[in-house]
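# Chain and residue survey
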Amino acid sequence: MPALSRKEVEEIALLARLHLEPDELAQMEIELGAIVEYFAALADVPTEGVPPMTHAVPMDLRLRADEPAPSMSSAEAVAAAPARDGDLFVVPAIIGGGE
Amino acid sequence: MTEPAGPKAEITEPHWLSAADLAKHIAAGDVTATRAFDAVVARIRNLDRELGAYLALDGSARAVAIEIDRKRKLNEPLPPLAGVPIAIKDNVVTRGVATTAGSKMLAGWLPPYDATVIEKLRAAGAVIVGKVNCDEFAMGSSTERSAIQRTRNPWDTQRVPGGSSGGSAAAVAAGLCAGALGTDTGGSIRQPAAFCGVVGLKPTYGRVSRWGAIAFASSLDQIGPITRTVEDAALLLEVIAGLDPRDETSIDAPVPRYRDALTGDVAGLRVGIPFEYYEGSVDADVRGALERAKATLVERGALLVDVTLPHTKHALPAYYIVAPAEASSNLARYDGIRFGAAAKGAKNLLDLYMKSRGANFGIEVKRRIMLGTFALRSGYYDAYYKKAQQVRTLIKRDFDKAFQQVDVMLTPTTPSCAFRFGAKTSPLEMYQADVFTLACNLAGLPGISVPCGLSGEGLPIGAQLLGKPLDEATLLRAAHVIEAALGIAKRPKAVS
């Protein structure tokens, strides 16, 4: 299992929507590489036919009645937003915006 | 544990009483809830500048204590934790009280609701003193990864309190609250409890509602108590456990009166000794303490049974795939839009995401988001995440098989006692601190750490008991016997 390249680290950071400074990229390249190599030991564990776990404790899907109930007000829901306009969240341009 | 000595008992140090005893004394009128609360707050003012356990105090808490005293005067019935000061790990949301999860991302955030466990504590009369420190988003084993402040171990302030619930364990050990809540994803309740000489209980997955616990790894996270006595762990679990319609994974099973399990009787109890937990790099002092714990149980009539959990060595890599994968998904919600910190001057939406997250997550959180994103990436999913979930099934099967022969298992909580600040220099070295605690989370089992003596250096050692799903009662019963024989009578030197 090859360690991660800088390019792969940059790709993963983009997928994770995480801006990393150059020193962080360098650190991730070394550390993630070591951790991923450590993971590689799992490849040797025979797991053919073993179902992947979905829940540690068996449980049935519970359904609740589809009835309206009191919930948080819009004002409360947007109160902590970094940018808002009345009861709306404000976001920057989704496409373009000076790229 | 001190027995209430009757209505005339003079309570000189209410902050050192167990939660159960304090509740009894308040109900009996030996001490007021307000006095107990003031004693705790005075102690926080005196000691916490050095210890750094608390991140925020709840300004409305004293009014709750006053209200308890009013009810007591009117002879109104008091709920089980009436007037008991409780600290809450900062990744459990509290309405109107700053909740950061130890992250700059949530600095200044005032949650608009209470977690289910907070509602339950309030209904039981507890006084929520404030919020205590943790590793950022509960990702760490020393609380050194808190972006807010350093928390010190009350037994030796040059050492870490463990983590991620380090603030909870330090506050309980130092008498800065009667009990606390922590969360445990891979050992984050039990490991700091062991390091700080207190009791830490991770309930069965689903025993306690996670609604309002800031999600780290949803298939592993559980909320549980950190207390000075096993009886208090039982009492707090009685209060916080149970079905919650807001948490689809909470279990619909009756909540027993766990304190009834503390009979002192372990005759005939079959205690499994999984040799994989005693191999390798376990410190001599920890080994010695565990031998005494075994001997204690045998003297009381328990039977030791050698068992094997052959996939134990794969738990750590499986955990560090599953937990970061789930974290990378859960932490996607911190996008700089709905709540939390946002970067200024973003050019577009992608730029806002990248910069807000880049500037406000700490390095360990970034590392885990990166690891999780790597493991879930198209083309890698089968090799990592699916493989880890298959290994998880094998680990669970190991436990299922062993639990056909035994009622509980006894292991060290940690391979060593509390380490010094900065001692674990690489991430993999830090991850090893959880080597004995994380299989329990992968299998969804309950686990408890109970103090079982001090090392030669005077540092606490924890014994871990692992149980069958929903059998917290047996864990508590066995832990209570170990506590009675080997519990630490001394108080931490930094605060005694």
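To be clear, the structure that these remarks concern was listed above.
What counts and how
- Residues numbered from 1 in each chain as written.
- Chains lettered and ligands numbered in written order.
- Predicted model: local features only at pLDDT ≥ 70, side-chain atom pairs only at ≥ 80, totals over all residues.
- Helix = DSSP H or I, 4+ residues; strand = E, 2+ residues; numbered from the N terminus.
- Rg over C-alpha atoms; globule rule 2.2 N^0.38 Å.
- Buried ≥ 20, exposed ≤ 12 C-beta atoms within 10 Å, placed from the backbone.
- Contact = placed C-beta atoms within 7 Å.
- Expected span 1.5 Å × (residues − 1).
- Axes fitted to C-alpha atoms, helices over the stretch in contact; angles between N-to-C directions.
- Parallel < 35°, antiparallel > 145°, perpendicular 65-115°, else oblique.
- Nonpolar A, V, L, I, M, F, W, Y, C, P; charged D, E, K, R; others polar.
- Pairing = 2+ DSSP bridges.
- Core = buried A, V, L, I, M, F, W, Y, C linked by C-beta atoms within 7 Å.

Glancing now at the overall build of chain A. Across its full length, chain A holds 3 helices and 2 strands. Shown N-terminal to C-terminal, the secondary structure of chain A runs as helices and strands in the order α-α-α-β-β. Over its C-alpha atoms chain A spans a radius of gyration of 23 Å, topping by over 25% the 13 Å that the globule rule assigns to 99 residues. Expressed as lengths along the three principal axes of its C-alpha atoms, the size of chain A is roughly 55 × 50 × 20 Å. Counting every position in chain A, which comprises 99 residues, the buried fraction comes to 16%.

With that settled, the discussion passes to the overall build of chain B. Along chain B, the regular secondary structure elements total 15 helices and 11 strands. Taking 496 residues into account, the globule formula puts the C-alpha radius of gyration at 23 Å, and chain B, at 21 Å, falls close to it. Across the 496 residues that make up chain B, the buried fraction comes to 62%. Within chain B, contacts between residues at least 6 apart in sequence are counted, and of these 76% link residues at least 24 apart.

So, on to helix H12 (residues 382–402) of chain B. Spanning 21 residues, H12 of chain B covers 29 Å between terminal C-alpha atoms, matching the ideal 30 Å at 1.5 Å per step. Taken together, the buried positions of H12 of chain B are occupied by Tyr-384, Tyr-385, Lys-387, Ala-388, Gln-389, Gln-390, Val-391, Arg-392, Ile-395, Lys-396, Asp-398 and Phe-399 of chain B. Those residues of H12 of chain B that are buried lie in contact with helix H2 (22–39) of chain A together with helix H9 (315–330), helix H11 (363–376) and helix H14 (438–442) of chain B.

Residues and elements named next belong to chain B. The contact between H9 and H11 brings their axes to 7 Å, and the two run at 100°. In terms of axis orientation, H9 runs roughly perpendicular to H11. Facing Tyr-320, Ile-321, Pro-324, Ala-325, Glu-326, Ala-327 and Ser-328 of H9, the residues of H11 in contact are Arg-368, Ile-369, Leu-371, Gly-372, Thr-373, Ala-375 and Leu-376. For the contact of H9 with H11, the per-class residue count stands at 9 nonpolar, 3 polar and 2 charged.

A separate point is the sheet that holds strand S5 (residues 199–202) of chain B. The pairing of strands in a sheet comes from backbone hydrogen bonds and takes either a parallel or an antiparallel form. Residues and elements named next belong to chain B. Read across the sheet, 11 strands follow the order S1-S3-S2-S4-S6-S5-S10-S11-S9-S7-S8 without closing on themselves; strand pairing throughout is mixed. Strand pairing shows two members of the sheet lacking a second neighbour, strand S1 (54–57) and strand S8 (303–307), which therefore form its edges. Between one strand axis and the next, the sheet turns by 30° as a mean value, whatever way the strands run. Relative to strand S10 (residues 447–454), S5 runs antiparallel, the two being bridged by 3 bridges.

Moving on to the interface of chain B and chain A. The interface is formed by 58 residues belonging to chain B together with 46 residues belonging to chain A. Every element with two or more residues in the side of chain B that touches chain A is listed here: H9, helix H10 (349–360), H11, H12 and helix H13 (427–431) of chain B. Across the side of chain B that touches chain A, the residue classes tally to 32 nonpolar, 14 polar and 12 charged.

Turning next to the environment of Gln-27 of chain A. Along the chain, Gln-27 of chain A turns up in helix H2. Here the alpha-carbon distance between Gln-27 of chain A and Phe-39 of chain A, two residues 12 residues apart in the chain, equals 18 Å.

Attention shifts here to the nonpolar core. All names here are of chain B. Counting residues in each nonpolar core, the largest one holds 179 residues, and the members touching the most others are Ile-86, Val-127 and Ala-171. Looking at this core, the element that brings in the most residues is H9, giving 10 residues. For Ile-86, the residues in contact, after removing those within four places along its chain, are Leu-121, Ala-126, Val-127, Ile-128, Val-129, Cys-177, Ala-178, Gly-179 and Ala-180.

Residues and elements named next belong to chain B. Along strand S4 (residues 179–184), 6 of the 6 residues are buried, which leaves the element largely enclosed by surrounding structure. Alternating positions in S4 separate into two faces, Gly-179, Leu-181 and Thr-183 on one and Ala-180, Gly-182 and Asp-184 on the other, with burial throughout. In this structure, strand S2 (residues 85–89) lies alongside S4, joined through 3 bridges in parallel fashion. Within the sheet, the bridge partner assigned to Ile-86 lies in S4 and is Gly-179.

By themselves, these are just geometric observations and shouldn't be taken as functional.
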